[in-house]
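Chain by chain, the residues:
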Amino acid sequence: MSEPELPPLRDVIARYGLSASKALGQNFLLDAQLLERIAGIPGSLSEEHVFEVGPGPGGLTRAALMAGAKVTAVERDARCLPALIELGKAFPDQLRVVEGDAMQIDPVQEISAPFHILSNLPYNVGTALLVNWLSADKWPPEWKSLTLMFQREVAERIIAQPGGKAYGRLAVLAQWRAKATMPMKVHRSAFTPPPKVMSAVVHIIPNKAPEGVSPRTIGKLTAAAFGQRRKMLRQSLKALSGALDALETVGIDPTRRAETISVDEFVQVAQVLDAGL
Ligand code: SAM
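Residues numbered from 1 in each chain as written. Predicted model: local features only at pLDDT ≥ 70, side-chain atom pairs only at ≥ 80, totals over all residues. Heavy atoms only, no water.

Caption draft 1: Up close: helix H2 (residues 32-40). The complete set of buried residues in H2 reads Leu-34, Leu-35, Ile-38 and Ala-39. Along the long axis of H2, the arc covered by the buried residues comes to 135 degrees, so they all point the same way. The exposed residues of H2 that point more than 90 degrees off its buried face are Ala-32, Gln-33, Glu-36 and Arg-37. At the N-terminal end of H2, a side-chain oxygen is found 2.9 Å from the backbone nitrogen of Gln-33, two or three residues along, and the residue is Asp-31. (Buried < 20%, exposed > 50% of the residue type's maximum accessible area, 1.4 Å probe, protein only. Helix = DSSP H or I, 4+ residues; strand = E, 2+ residues; numbered from the N terminus. Arc of directions from axis to C-beta. Polar contact = N/O pair within 3.5 Å; in protein donor to acceptor, adjacent residues only side chain to side chain.)

See the structure below:
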């Protein structure tokens, strides 16, 4: 099948008057090669379902459609819809656009088969969306992979290892039952308009979940431990019922600080808490 002729994204932006809104975190990607590389990160998308947050003028959407994906895209900015409808016409039956706030939309309700999540995320809701997707009760979740553009500092927090400043709640939530990598750094000049900071793409795929741990317990434990990250665990976990006993059961010295505790150790503590030992 030959690829449809599409107008340059700059023309789409001009024709539909899509001046970038700061409040909506609009920093558009226009370089077709870069967009193709990002859409290639999850592997072949041919016949795969993709959930995209914030298609904007549709650059990343195009790349996914050209790779053969069936895309469901949620966009909050109504100004983008005519451009996206036009894009959908070039790829019959491949694109469904939902106008709305991605924070209020559960992709599982929108797509009936397992899907990939692909997004150049709006910076103001990116972390909250990630935490929602990582907190699914069902595991493996309905999503097969997450390929997400973040500010580089956030990307580094997601893939961080213990011992450094970047390591915190986000790293544990992203790694306790999934593998998180940063396959691509993206210079700020790649965006229109360029944001103040550098960006990076994070790729996350679900692993087998450890037995006997609920996401709620991991959430509470990491919130308490990293809520006072400079304090010793015996202080930061004092208010979390059973946590100090659980540290002892697992053999973790309570004078350690949260940033020295490995993801595996957090899982062991959560297992003891969930077992009610
Ligand atoms: N995908 C486009 C690209 O890569 O050029 C645009 C990415 S831009 C960083 C973020 C997009 O998310 C914008 O189109 C913005 O309107 C949209 N957006 C912002 N907040 C949103 C929300 N809560 N729900 C859905 N879309 C949102």
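Caption draft 2: Local environment of the site of the ligand. Looking at the ligand, there are 20 residues lining it, with Gln-26, Leu-29, Gly-54, Glu-75 and Asp-101 nearest. Within the contact set of the ligand, an oxygen atom lies 2.8 Å away from a side-chain nitrogen or oxygen of Gln-26. Within the contact set of the ligand, an oxygen atom lies 2.8 Å away from a backbone nitrogen or oxygen of Leu-29. Protein chains bury 99% of the 590 Å² of accessible surface belonging to the ligand in isolation. Counting residues per element, the ones that place at least two in the shell around the ligand are strand E1 (28-29) and strand E3 (70-75). A class-by-class count of the residues in the shell around the ligand yields eight nonpolar, seven polar and five charged. (Near = heavy atom within 4 Å. Areas by Shrake-Rupley, 256 points an atom, 1.4 Å probe, with all protein chains shown as cover. Nonpolar A, V, L, I, M, F, W, Y, C, P; charged D, E, K, R; others polar.)

Caption draft 3: Local environment of the sheet that holds strand E7 (residues 178-186). One open sheet holds the seven strands; their spatial order is E4-E3-E2-E5-E6-E9-E7, and the pairing between them is mixed. The two strands at the open ends of the sheet, each matched to only one other strand, are strand E4 (95-99) and E7. Taken over all neighbouring pairs, the strand axes of this sheet differ in orientation by 20 degrees on average, direction set aside. In this structure, strand E5 (residues 115-120) lies alongside strand E6 (residues 143-151), joined through six bridges in parallel fashion. Residue pairing across strands places Leu-118 opposite Thr-147, the latter belonging to E6. Helix-sheet contacts for helix H6 (residues 126-134) involve strand E2 (49-53), E5, E6 and strand E9 (199-206), and the interaxial angle to E6 is about 160 degrees. (Pairing = 2+ DSSP bridges. Axes fitted to C-alpha atoms, helices over the stretch in contact; angles between N-to-C directions. Contact = heavy atoms within 4.5 Å.)

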